[in-house]
Amino acid sequence: MSTNLIPTAEPIAKLIEEFSKLPGIGPKSAQRLTYYLLRASTNEVSALADAIRNLKERLTLCSSCLNITDSDPCAICRDEERDRTKICIVEEPIDIIPLERTKKYTGLYHVLHGVIAPTDGIGPDELKVKELLARLNDGLVTEIILANNPNLEGEATAMYLQRLIAPLGIRVTRLARGLPYGGDLEYADDVTISRALEGRQEI
Amino acid sequence: MTLPRVYQTEAIIIKRIKLGEADRILTLYTPELGKLKAVAKGTRRPQSKLGGHVELLTHSRLMLARGRNLDIITQAQTINNFLIIKDDLELISRGLYIAELVDAFTGERIEDRRLFDLVLDALKQLSQASDCELVLRYFELHLLDHLGYRPQLQRCTECNLPLKPETNFFSPNHGGVLCHNCGFHEPAARPISLNALKVLRLWQNCDYANARRVKISPELAVELEQVMRENIKYLLEKQLKSTAWLDKLKREIQQA
């Protein structure tokens, strides 16, 4: 609004407008970022501009696991060291990051790009389920690990995939659902505690 | 009535959307305030203390603080988590259909304790019953009844004569059944079998226990579902989104 009242150079007004469209950035923050860039070196500014442009121009989906990548197939699918008998199913590309950080999983991934949400009209046909089934045709995969989010839609999606894949003779497992590390038992809900009891292990 | 700054209520969580980094906007159905939107902060983090207490299709006791725009949930404790529903894909899908139906038919902040009881009862029945389709039909009928859309099933809605025991017609825009003579000329009406009519009449006036005594053949179940679906579609002027998913599940079961 203030940009309309006070005459500001058009490129500045434009950048403020674009910044304020970003999540968590209000008009004041947008202004501050814009004036910061105005004072920054030309190199710094063009590095940022290039990074933003490359985000859309150089990225595609991996033709195998549908992760976001700058080379097809992606680095994980290309890696000869990884266990090709296991596929871990995740809802979004960003879910791969925490799994990779553990360094405990050496298999491949498959990104569904969403979750079954009947009340939003999203069913399996809107997700990358067909692509997953196509990957299972070669008989190489022996285990599917369902890493959907532990909430109602995530569980529904996991149950649906289990029903779809189990008849193919492939082992279908689900990430354990239970108490989070660093949390208090006192605050845990009944479903979580029920699952934790069901999945208890000898130590 | 002005609400205090902090208040408590029971609620069934019927819808939720993501907000910002880790928050959610929940749609609650409560006995005192009817439908209500509220913010649940941090619920997408694993360590959230609200977490599973505000999951969809959960009956919880909530503490809310009045916000400038939306109220904010500060504490939550599960009353009934409906775990049986959440462990079964078929039941989850039907539970979500009930939630979508309630959301579609209600406005915000209109007290309706009876409707709250109807919804709660439907979810309870869903987690006990072997016949989940019956629960949906029963809930649909009684929801319409309560909201003032009770279909007329005794007399012809056109000529007002008692219906003969034969195949009649059902017409959503007449709000009920047309007799054979009147319905014949009505292009929007669909035939309704005598059995379907009898079952709907019975369900309109009995409890779940008695409703369950009727034996429903697969063909009759399909007919009842279609009659109710057309009626609801006419009243809402839209098809509920979760019906497509229910249809897909049914198709896949038949194929397997």
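Treat the numbers as computed from the prediction; the structure is a model and nothing was measured.

Moving on to the overall build of chain B. Scanning chain B for helices and strands turns up 9 helices and 8 strands. Whereas a compact globule of 256 residues would reach a radius of gyration of roughly 18 Å, chain B reaches 20 Å, a difference of no more than 12%. On the principal axes, the C-alpha backbone points of chain B span a range of 60 × 50 × 30 Å. For chain B, buried positions account for 40% of its 256 residues. Counting contacts in chain B only where the partners sit at least 6 residues apart, residues at least 24 apart contribute 53% of the total.

All names here are of chain B. Position of Leu141 among the secondary structure elements: in helix α4 (residues 132-147). Note on Leu141: 22 C-beta atoms within 10 Å, which makes it buried. Separated by 62 residues in the primary sequence, Leu141 and Trp203 have C-alpha atoms spaced 7.7 Å apart. Those residues in contact with Leu141 that sit more than four places away from it in its chain are Leu200, Trp203 and Gln204.

The next point concerns the confidence of the model for chain B. Of the residues in chain B, 98% have a pLDDT of 70 or more, and the chain-wide mean is 93. Quick note on the complex model: pTM equals 0.88, ipTM equals 0.89.

A word on the sheet that holds strand β6 (residues 168-171) of chain B. All names here are of chain B. Within the open sheet, the 3 strands sit side by side as β7-β6-β8. Their pairing is antiparallel. On the outer flanks of this sheet lie β7 (176-178) and β8 (190-192), each paired with one strand and no other. Neighbour-to-neighbour, the strand axes of this sheet turn through a mean angle of 45°, independent of strand direction. The pairing of β6 with β8 spans 3 bridges and is classified as antiparallel. Looking at the pairing, Phe169 lines up with Pro191 of β8.

Let's shift gears to the domain arrangement of chain A. The domain architecture assigned to chain A consists of domain 1 (2-57) and domain 2 (83-198). Using C-alpha coordinates to define each centre, domain 1 of chain A is positioned 39 Å away from domain 2 of chain A.

About the criteria used
Residues numbered from 1 in each chain as written. Chains lettered and ligands numbered in written order. Predicted model: local features only at pLDDT ≥ 70, side-chain atom pairs only at ≥ 80, totals over all residues. Helix = DSSP H or I, 4+ residues; strand = E, 2+ residues; numbered from the N terminus. Rg over C-alpha atoms; globule rule 2.2 N^0.38 Å. Buried ≥ 20, exposed ≤ 12 C-beta atoms within 10 Å, placed from the backbone. Contact = placed C-beta atoms within 7 Å. pLDDT = per-residue confidence, 0-100. Pairing = 2+ DSSP bridges. Axes fitted to C-alpha atoms, helices over the stretch in contact; angles between N-to-C directions. Domains from an automatic or database assignment.

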